[in-house]
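The lines below spell out each chain.
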Amino acid sequence: MSESLNKLVDEFSKLPGIGKKTAMRLALHFVKSDKGAAVSLAKALTDLGEKSRPCGICNNIADGELCPICASPKRDSHKLMVVEEISDLMAVEAAGAYKGRYFVLMGALSPLDGIGPEDTKVGSLVELVGKGGVDEVIIATNPNLKGEATALYVAKKLKPFGVKLTRIAYGVPVGGILEYSDAGTLTKALEGRTVVE
Ligand SMILES: [Zn+2]
């Protein structure tokens, strides 16, 4: 195998969910395709690396100071949905049933693994809600141990601000992950959200 092909296969196989076989298939695809395909993939990756950074408000991926959701005047800034990861935000966006804004925690609390609030963005969330302008915080962390621990902590920290706190209702089995829920399930979970006492 040529060194350049070897290098590309090596890079592809570092990606999540990509084994050696798939990596080889992808690499060979670029060998067979016209040069344009490889150049535009390389450009997309370079742009992502150079331009993308965390949104200054919600931690979603942004090309500038703010992500497209925080920058959009069409989104309801009174509603804030708290999710664990950017992939969860993407899943809710794909379902298309939510028109408010988000806050990405960039992780979940896991006391057993020694992951505490300071290892996530909970502090910035508290700061953001403390500034005012948010009426409802929808806690959409995953329905598993870490997600529940995180939901409890977030609710406790935000309670003093007097905002409405809700938790989305999961139709998915316990241990199901937001990211893998289909659009219909996510929409129902959002509609069936309950107030956190
Ligand atoms: Zn944002």
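On a predicted model such as this, the values are computed, not experimentally measured, just so you know.

Peer 1: Before we go on, may I ask you to explain the coordination of the zinc ion in this structure?
Peer 2: Ideal geometry at a metal centre gives angles of 109.5 degrees when four donors are arranged tetrahedrally and 90 or 180 degrees when six donors are arranged octahedrally. The zinc ion binds to the protein through Cys-55 (SG), Cys-58 (SG), Cys-67 (SG) and Cys-70 (SG), with metal-donor distances spanning 2.3 to 2.4 Å. For the zinc ion, the four donor atoms are set out with angles of 104 to 115° between them, so the coordination reads as tetrahedral. Sequence spacing of the donors to the zinc ion: C-x2-C-x8-C-x2-C. Residue classification places Cys-55 among the buried positions, given a relative accessible area of 3%.

Peer 1: Is there a simple way to think about the domain arrangement of the protein chain in this case?
Peer 2: A common way to report how large an interface is uses the accessible area buried once the components associate. Looking at the protein chain, the domain boundaries give domain 1 (3–51) and domain 2 (61–195). Computed from C-alpha coordinates alone, the two centres of domain 1 and domain 2 are separated by 33 Å.

Peer 1: Help me understand helix 7 (residues 145–158), please; the structure alone is not making it clear to me.
Peer 2: Since there are 3.6 residues in each turn of an α-helix, residues three or four apart along the chain are aligned in direction. When the terminal C-alpha atoms of helix 7 are compared, their 20 Å separation across 14 residues agrees well with the 20 Å that a helix rising 1.5 Å per residue should span. What helix 7 keeps buried is the set Gly-147, Thr-150, Ala-151, Val-154, Ala-155 and Leu-158. Down the axis of helix 7, the buried set is contained in an arc of 130°. They therefore lie on one face. Residues of helix 7 that are exposed and point over 90 degrees away from its buried face: Leu-145, Leu-152 and Lys-156. The elements touched by buried residues of helix 7 are helix 6 (122–130), strand 5 (136–139) and strand 6 (164–167).

Peer 1: How should I be thinking about the nonpolar core in this particular structure?
Peer 2: By size, the foremost hydrophobic cluster in this structure holds 19 residues, and its most contacted members are Cys-67, Met-81, Tyr-98 and Tyr-102. Elements with a contribution of two residues or more to this core: helix 4 (68–71), strand 3 (76–83), helix 5 (86–95), strand 4 (100–104) and helix 8 (183–191). With three residues, the top contributor of residues to this core is helix 5. When near neighbours in sequence (up to four residues on either side) are disregarded, Met-81 contacts Val-92, Tyr-98, Arg-101, Tyr-102, Phe-103, Ile-138, Ala-140 and Leu-190. Within the second largest apolar cluster, 18 residues are counted, among which are Leu-128, Val-137, Ala-155 and Leu-158.

Peer 1: Mind showing me how you'd approach the pairing of strand 6 here?
Peer 2: Along any regular strand, the residues point their side chains to alternate faces of the sheet. Sheet topology note: the strand 5/strand 6 ladder contains four bridges and is parallel. Residue pairing across strands places Ile-139 opposite Arg-167, the latter belonging to strand 6. With helix 7 bridging strand 5 and its parallel neighbour strand 6, the resulting β-α-β unit is right-handed.

Peer 1: Whenever I open this one, the sheet that holds strand 5 confuses me. Can you help?
Peer 2: Whenever strands of a sheet pair, they do so through backbone hydrogen bonds, lying parallel or antiparallel. Within the open sheet, the five strands sit side by side as 4-3-5-6-7. Their pairing is mixed. Edge positions in the sheet fall to strand 4 and strand 7 (194–195), since each of these pairs with one other strand and no more. In this sheet, strand 4 lies alongside strand 3 in parallel orientation, the contact comprising five bridges. From the neighbouring strand, Val-82 faces strand 4, where its bridge partner is Phe-103. Across the sheet, helix 7 is in contact with strand 5 and strand 6; its angle to strand 6 comes to roughly 175°.

Calculation rules
- Residues numbered from 1 in each chain as written.
- Predicted model: local features only at pLDDT ≥ 70, side-chain atom pairs only at ≥ 80, totals over all residues.
- Heavy atoms only, no water.
- Donors = N, O, S within 2.8 Å, 3.2 Å for Na, K, Ca; no water.
- Tetrahedral: all angles 85-135°; square planar, octahedral: opposite > 155°, others 65-115°.
- Buried < 20%, exposed > 50% of the residue type's maximum accessible area, 1.4 Å probe, protein only.
- Domains from an automatic or database assignment.
- Helix = DSSP H or I, 4+ residues; strand = E, 2+ residues; numbered from the N terminus.
- Expected span 1.5 Å × (residues − 1).
- Arc of directions from axis to C-beta.
- Contact = heavy atoms within 4.5 Å.
- Core = buried A, V, L, I, M, F, W, Y, C linked by side-chain atoms within 4.5 Å.
- Pairing = 2+ DSSP bridges.
- Right-handed = clockwise from strand over helix to strand, strands pointing away.
- Axes fitted to C-alpha atoms, helices over the stretch in contact; angles between N-to-C directions.

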